[in-house]
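# Examination of the molecular architecture
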Amino acid sequence: MKKLALPIPFGKMNQPRLSSARLEDGSRVAVIGGGPAGSFFSYFLLDFAQKVDLKLQVDVYEPRDFSVAGPAGCNMCAGIVSESVIQMLAVEGVTFPPTVVQRGMDTYVVYTDAGKARLETPALEKRIGTVFRGAGPLGIQGNEWRSFDGFLLEKAVQKGANLLRGRVEEVSRLEDGRVQVKTRGGAAQSYDLLAVSAGVNTNILKIFQDVDADYRQPGLVQTFTREYYLGKKKIESYLGEHTIHFFMLNIPGLDFAAIVPKGDYVTVALLGDGLNKDVFEAFLNSSPVKECMPPDWKPEEYACHCSPRINIHGAAHPYAERMVVLGDAGISRLYKDGIGAAYRAAKYAAATAVLQGIGEEDFKRDFWRSYRNMEYDNITGKVLFTVVRLIKPRRFACHAFVQMMVDEQRKPADQRRMSRFVWGMCTGSAPYREIFLSAFNPSFLSQWLLHLGSSLVRRTG
Amino acid sequence: MKTGDLGAEYPDGALIFRQGDKGDCMYVVLEGKVEVYLERDGQVVPIRMCREGDFLGEMALFQGEVRSASARSVGGVRLLTVDKKNFLRRIKEDPTMAFRLVQELSKRIRELDEDLAVLSRALQDCMNEQIN
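Residue positions within a chain follow its written sequence, with the count starting from 1. Here chains are named by letter from A upward and ligands by number from 1 upward, in the order in which they appear as written. The predicted origin of the model limits local features to residues at a pLDDT of at least 70 and limits the giving and counting of side-chain atom pairs to 80 or more, whereas totals for whole chains, interfaces and linings rest on all residues.

What follows covers the overall build of chain B. Helix and strand assignments come from DSSP, with helices taken as H or I runs of at least 4 residues and strands as E runs of at least 2, each series counted from the N terminus. A tally of helices and strands in chain B yields 3 helices and 6 strands. When the helices and strands of chain B are listed from N to C terminus, the series reads β-β-β-β-β-α-β-α-α. Taken over the C-alpha atoms alone, chain B extends approximately 65 × 35 × 25 Å along its principal axes. Here a residue counts as buried when 20 or more other C-beta atoms fall within 10 Å of its C-beta, as exposed when 12 or fewer do, and as partly exposed in between; the C-beta atoms come from the backbone. Considering chain B as a whole, with its 132 residues, one finds that 27% of them fall into the buried category.

Moving on to the domain arrangement of chain B. Residue and element names in this part refer to chain B. Note that the domain bounds reflect an automated or database-derived domain assignment. With domains assigned, chain B is organised as domain 1 (1-92) and domain 2 (94-132). Using only C-alpha atoms to locate each centre, domain 1 and domain 2 end up separated by 22 Å. Tallying the contact residues gives 4 residues for domain 1 and 6 residues for domain 2. The residue inventory of the side of domain 1 that touches domain 2, partitioned by class, reads 2 nonpolar, no polar and 2 charged. Throughout, a pair of residues is in contact if the C-beta atoms placed from their backbones lie within 7 Å. Each residue gets one label: Ala, Val, Leu, Ile, Met, Phe, Trp, Tyr, Cys and Pro are nonpolar, Asp, Glu, Lys and Arg are charged, and the others, such as Gly, are polar.

Another aspect to go through is the environment of Phe 66 of chain A. All names here are of chain A. The residue Phe 66 is located in the loop between strand E3 (57-61) and strand E4 (80-81) in this model. Residue classification places Phe 66 among the buried residues on the basis of 24 C-beta atoms within 10 Å. It is 9.8 Å that separates the C-alpha atoms of Phe 66 and Gly 34, two residues lying 32 residues apart in sequence. The contact partners of Phe 66, leaving out residues within four places of it in the chain, are Gly 73, Gly 134, Ala 135, Ser 147, Asp 149, Gly 150 and Leu 153.

So, on to the nonpolar core. Think of a nonpolar core as buried Ala, Val, Leu, Ile, Met, Phe, Trp, Tyr and Cys residues, each tied to the set through C-beta atoms within 7 Å. With 164 residues, the main nonpolar core has Phe 41, Leu 45, Val 110, Leu 326, Ala 346 and Ala 349 of chain A as its most contacted residues. At 12 residues, helix H8 (residues 338-356) of chain A tops the list of elements feeding residues into this core.

We now examine the pairing of strand E6 (residues 107-112) of chain A. All names here are of chain A. Most of E6 is tucked away, with 5 of its 6 residues classed as buried. Paired strands, as defined in this entry, are two strands with at least two bridges between them according to DSSP. Looking at chain direction, E6 and strand E7 (residues 115-120) are connected through 6 bridges and run antiparallel. Among the inter-strand pairings, Thr 107 is bridged to a residue of E7, identified as Glu 120. Here E6 hands over to E7 after 2 residues, the two strands then running antiparallel side by side.

The next point concerns the domain arrangement of chain A. Residues and elements named next belong to chain A. Partitioning chain A into structural domains gives domain 1 (7-12 + 21-66 + 149-219 + 311-380), domain 2 (71-146 + 224-307) and domain 3 (394-460). Between the C-alpha centres of domain 2 and domain 3 the distance comes to 24 Å. Counting residues at the interface gives 15 residues for domain 2, matched by 15 residues for domain 3. Only helix H2 (83-92), E6 and E7 provide two or more residues apiece to the side of domain 2 that touches domain 3. A total of 4 residues in the side of domain 2 that touches domain 3 trace back to one element, the largest contributor, which is E7.

On to the interface of chain A and chain B. Interface size is commonly expressed as the accessible area that is lost once the parts come together. Every contact between the two is made by 25 residues of chain A and, on the other side, 20 residues of chain B. Only H2, strand E5 (103-105) and H8 of chain A provide two or more residues apiece to the side of chain A that touches chain B. If you tally residues by element for the side of chain A that touches chain B, the top one is H2 of chain A, at 7 residues. Across the side of chain A that touches chain B, the residue classes tally to 10 nonpolar, 8 polar and 7 charged.

With that out of the way, let us pick up the sheet that holds strand E8 (residues 128-130) of chain A. Residue and element names in this part refer to chain A. Taken in spatial order, the 3 strands of this open sheet run E4-E8-E5, and their pairing is antiparallel. Of all the strands in the sheet, the pair left with one neighbour each is E4 and E5. Here E5 pairs with E8 via 3 bridges, running antiparallel. Within E8, the residue paired with Met 105 across the bridge is Ile 128.

Residue and element names in this part refer to chain A. Phi is positive for Asp 53, which is not a glycine, with a value near 55°. Structurally, the position occupied by Asp 53 is in the loop between helix H1 (36-51) and E3. Of note, the phi angle at His 317 is positive, near 50°, even though the residue is not glycine. For His 317, the location among the structural elements is in the loop between strand E20 (309-313) and strand E21 (319-320).

Across its 33 residues, helix H3 (residues 99-131) of chain B extends 47 Å between first and last C-alpha, which sits within 8% of the 48 Å expected from 1.5 Å per residue. By the criterion of burial, H3 of chain B is predominantly exposed, with just 0 of the 33 residues buried. One fewer than the residue count of a helix, multiplied by 1.5 Å, yields its expected span.

Looking now at the environment of Arg 395 of chain A. Residues and elements named next belong to chain A. Mapped onto the elements of the fold, Arg 395 is located in helix H10 (residues 395-408). Judged by local crowding, Arg 395 falls into the partly exposed class, with 16 C-beta atoms found within 10 Å. Taking the C-alpha atoms as reference points, Arg 395 and Gly 136, separated by 259 residues in sequence, lie 38 Å from one another. Not counting residues up to four positions away in its chain, the partners in contact with Arg 395 are Asp 113 and Ala 114.

Residues and elements named next belong to chain A. Taking strand neighbours across the sheet as the criterion, the 7 strands line up as E7-E6-E16-E17-E18-E15-E19 in an open arrangement whose pairing is mixed. Each edge of the open sheet carries a strand with a single partner, namely E7 and strand E19 (304-306). Averaged over all neighbouring strand pairs, the angle between strand axes comes to 15°, with direction disregarded. Pairing of E6 with strand E16 (residues 243-247), which is carried by 5 bridges, proceeds in the parallel orientation. Paired with Tyr 108 across the bridge in E16 is Ile 244. Helix axes use the C-alpha atoms of the stretch in contact, all axes being lines fitted to C-alpha atoms, and the angles between their N-to-C directions lie in the range 0 to 180 degrees. Along the sheet, helix H11 (residues 417-427) contacts E6, E7 and E16; its crossing angle with E6, the most-contacted strand, is approximately 95°.

Structure below.
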């Protein structure tokens, strides 16, 4: 007689340690959360499975309707897709149409309290995309674009995933080691593998923290985001059609801010570990912001706003037997390229699940190694952001920093070392480690010292 | 070009890269067509036509830095550049990145094999005619 499989909460059982658990033909996989991490995981899991002739059933649980405007259909972020993600996904066969990308970007203007510098991609190629994660801000009308998250989820469904609209309320482990998922008002479903990609701005993670003794939620920080309607003409006249504005201003509590043009709207996003309403007001009323926004723009007249939390420190133990945690609920890149981090972690997890196995040891051996590399890179990122924090209050250093970038624009691309450094910091297109090491180049250091000296002389003169 | 278009546009007939040039990137076709061709004794020998989703220029990433063929836009094309350094770094981090490239190269070898078989057959027929 077949043994009855009873649900047991994770924390109340001895979790199986070593396992030979593998995905087989007919295995069932649950993905909780249909944001980028969940969609990428589903897409690559099915892609790898097809490559090895494995037939899987993948159910993605996502209650959110990404075609609804406002916070209800939005996963809340600045909505920048980095050049490395756009390039690598293109190689993987996933390209983003102009109905999803609001604007292709080729330029960053970097503002400090001592001036600004303009950085461009080679040949002004549009390598960065700005998107709405949902269907756009509250009250949007005649929207020409689709949700970025909705587009990725559709890719996963086209690959063979099933989209289930239920909200997951309960997760438990069965006696045979498999996982059971129950939605509000729905029947319990058992799965061979569970991927948790629910984000950090929902309550779902509490379920896992309660039931999985080893998992610890990631370190989070609150961000501020507002959407302003300006219209295409004003955006193109004042901000530039393909330009992201990046601010490194000396406002206590604020690390960075960006004004990101979308179709008819601009997104104002602030990052820092001491953000509050006063910091936001100080930023919106600062001279560099007034300089780039239209003269009749009113900071208090915004279309939509949110204060999502983002991951700044990876979750502890983001895997267990037949379970893996992805996206912001696991690890992200410090302050940058959250979509890129979701793509990388999701793909590592999918490759591990199909090509290695779904046991705790499999995830530890393969997925965890890649995860830790991202965590180590974030530590280097923290060092870099500390250096930038030291520069920001010193006007002469800001002047040297900007002037070095401005002077470099006359040089060949491979000699624009400060520009590359800042480009990497702004866009998140290179690992922090690589950006950090580039600062030890003798030519970079000598030029930096020369500009610092020159700015000091200018100040004292 | 729409505001959300990515990559760079090349008008009809525009040269994307020339045989013998130094190459430090590959391209992905986002929209339109690209003709890849060889220049032999002043003659243009078409090799293949790249369409949406296809790669070109990838050989320079792996076999030295010199382009083995030329490429030009046919009727206007939009291309996305993939930097050599970014791409090789990603392959180092994630070797499965190379799967699609290997798949594409395998497809091309298969097509070349078929072309070779057709040419070989034609040559054989020609020789038989000459003998007869």
